[in-house]
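# Working through the structure, step by step
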Amino acid sequence: MDLSNETQFQYQLIALKNQEMLVEPVILLMEYLNLSYTVEFCTETEWNTKHKAVTPFGMSPVLVEQDGKKIVRIKNICRYLACVWGADELWGKNSHENLQIDIIVDTIEDMRQDLAMYYYEPLPGVKEGLRDFVYKNFYYYINKLSDMAGAKSFLIDKLSWADIFFYGLYPLLNEMLGKDIVHSQWNQPFTTIFKNVHNLPSIKEYFIKNHHRHSALTSAAIY
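## Quick notes on the nonpolar core
- Counting residues in each nonpolar core, the largest one holds 63 residues, and the members touching the most others are Leu81, Leu90, Phe154, Trp161, Ile164, Phe166 and Ile203.
- One finds Ile14, Cys42, Trp47 and Val62 within the second-largest nonpolar core, a separate group that totals seven residues.

## A closer look at the confidence of the model for the protein chain
- When pLDDT is averaged across the protein chain, the result is 88; 90% of the residues are at 70 or more.
- Note on residues 1-7: pLDDT under 50 across the span, and 13 contacts to partners over four residues away in sequence or across chains.

## Focus: the pairing of strand 1 (residues 10-16)
- The buried fraction of strand 1 is high, at five of seven residues.
- In this structure, strand 1 lies alongside strand 2 (residues 36-42), joined through seven bridges in parallel fashion. Bridging across to strand 2, Leu13 finds its partner in Val39.
- In this region the chain leaves strand 1, passes through helix 1 (residues 24-32) and returns to the parallel neighbour strand 2; the handedness of that crossover is right-handed.

## A look at the packing of aromatic side chains
- On inspection of all chains with the given rule, the structure shows 15 aromatic pairs.
- With a centroid separation of 4.9 Å and an interplanar angle of 85°, the aromatic rings of Tyr119 and Tyr120 are classed as edge-to-face.
- Feature note: the residues Phe154, Phe166, Tyr167, Tyr170, Phe190, Phe194, Tyr206 and Phe207 constitute an aromatic cluster, connected by ring pairs.
- Over the ring of Tyr118 we find Lys127; its NZ or CZ atom is 5.2 Å from the centre of that ring.

## A short note on the environment of Asn34
- Its location among the elements puts Asn34 in the loop between helix 1 and strand 2.
- Looking at Asn34, the relative accessible area reads 30%, which means it is partly exposed.
- Between the alpha carbons of Asn34 and Ser202 there is a distance of 7.7 Å; along the sequence they are 168 residues apart.

## Notes on the sheet that holds strand 4 (residues 70-72)
- One open sheet accounts for four strands, arranged 2-1-3-4; its pairing is mixed. Every other strand in the sheet has two partners, leaving strand 2 and strand 4 as the edge strands with one partner each. The sheet shows a mean angle of 20° between the axes of neighbouring strands, taken without regard to direction.
- The pairing of strand 3 (residues 62-64) with strand 4 spans three bridges and is classified as antiparallel. Its bridge partner being in strand 4, Leu63 is matched across the sheet by Ile71.

## Structural notes on the pattern of salt bridges
- All chains considered together, the criterion is met by seven salt bridges.
- Salt-bridge contacts for Arg112 lead to Glu109; the nearest nitrogen and oxygen are separated by 2.6 Å. Here Arg112 and its partner Glu109 are both found in helix 4 (residues 95-119), three residues apart, which amounts to about one turn of the helix. The two residues Arg112 and Glu109 agree in class, both being buried.
- Taken together, the salt bridges that share partners define one network made up of Lys93, Glu97 and Asp157.

## Things to note about helix 3 (residues 74-85)
- Along its twelve residues, helix 3 runs 16 Å from first to last C-alpha, staying within 8% of the 16 Å computed at 1.5 Å per residue.
- Taken residue by residue, helix 3 has Ile74, Ile77, Cys78, Leu81, Ala82 and Trp85 as its buried positions. Along the axis of helix 3, the buried residues cluster in a sector spanning 130°; they form a single face.
- Of the surrounding secondary structure, the elements contacted by the buried residues of helix 3 are strand 1, helix 1, strand 3, strand 4, helix 4 and helix 6 (161-177).

## Some thoughts on unusual backbone geometry
- Omega for the bond connecting Ser60 with Pro61 falls within 30 degrees of zero, at 5°, which places this linkage in the cis form.
- Note on placement: Pro61 falls in the loop between helix 2 (44-51) and strand 3.
- Despite not being glycine, Asn34 has its phi angle at roughly 60°, a positive value.
- With a phi close to 75°, Arg73 is a non-glycine residue in the positive phi region.
- Along the chain, the position of Arg73 falls in the loop between strand 4 and helix 3.
- We classify Arg73 as partly exposed; its relative accessible area is 45%.

Parameters at a glance
- Residues numbered from 1 in each chain as written.
- Predicted model: local features only at pLDDT ≥ 70, side-chain atom pairs only at ≥ 80, totals over all residues.
- Heavy atoms only, no water.
- Core = buried A, V, L, I, M, F, W, Y, C linked by side-chain atoms within 4.5 Å.
- Buried < 20%, exposed > 50% of the residue type's maximum accessible area, 1.4 Å probe, protein only.
- pLDDT = per-residue confidence, 0-100.
- Contact = heavy atoms within 4.5 Å.
- Helix = DSSP H or I, 4+ residues; strand = E, 2+ residues; numbered from the N terminus.
- Pairing = 2+ DSSP bridges.
- Right-handed = clockwise from strand over helix to strand, strands pointing away.
- Phe/Tyr/Trp six-rings, centres within 6.5 Å; stacked < 30°, edge-to-face > 60°.
- Lys NZ or Arg CZ within 6 Å of the ring centre and 35° of its normal.
- Axes fitted to C-alpha atoms, helices over the stretch in contact; angles between N-to-C directions.
- Salt bridge = Lys/Arg side-chain N within 4 Å of Asp/Glu carboxyl O.
- Expected span 1.5 Å × (residues − 1).
- Arc of directions from axis to C-beta.

Shown next, in the form of structure tokens:
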């Protein structure tokens, strides 16, 4: 997508060092939209001393606009960027399709937060008790999303920011789950969506330049 006339608008993405995979959907969306941006990954100490007090709700990651306005939560950041820069390109054809995009992204976020609750639980006994509940919910939602997916995207006939969001977040979901859940025959719709997103010229170029990073198409190799 060529927005060369708009690339003077500068964004700064600030996140903790352990959130590199979490912010991938934001980075991929900015790459797709050809936006100018910088990324700062900071330590917990740096976050607490430099950024926390001046960030809405003290939350990381945060996207800072050139006028100083700040947006937090990856879902909100991606939605905002899609509204401002990709209204025609990344949204549906009507209000119902736009609502469907929001529902899909909310569901993906619910899946991520459930997995994070399990993945980061420090007490082995509590973690084991969460496992069956979290995995059952995850597979329930992943099957529902699979049923909703179209031939090449979540919407029937066009790309949306929900596709890029899921593609970008998938390696993190894989890591927290400990296994690949898309590259199998019963999840063929997701494989097609991922290939469609990966082959977008700007995103393909991003992974060529950042070959050390795992995309949704290569993350299965980890497991």
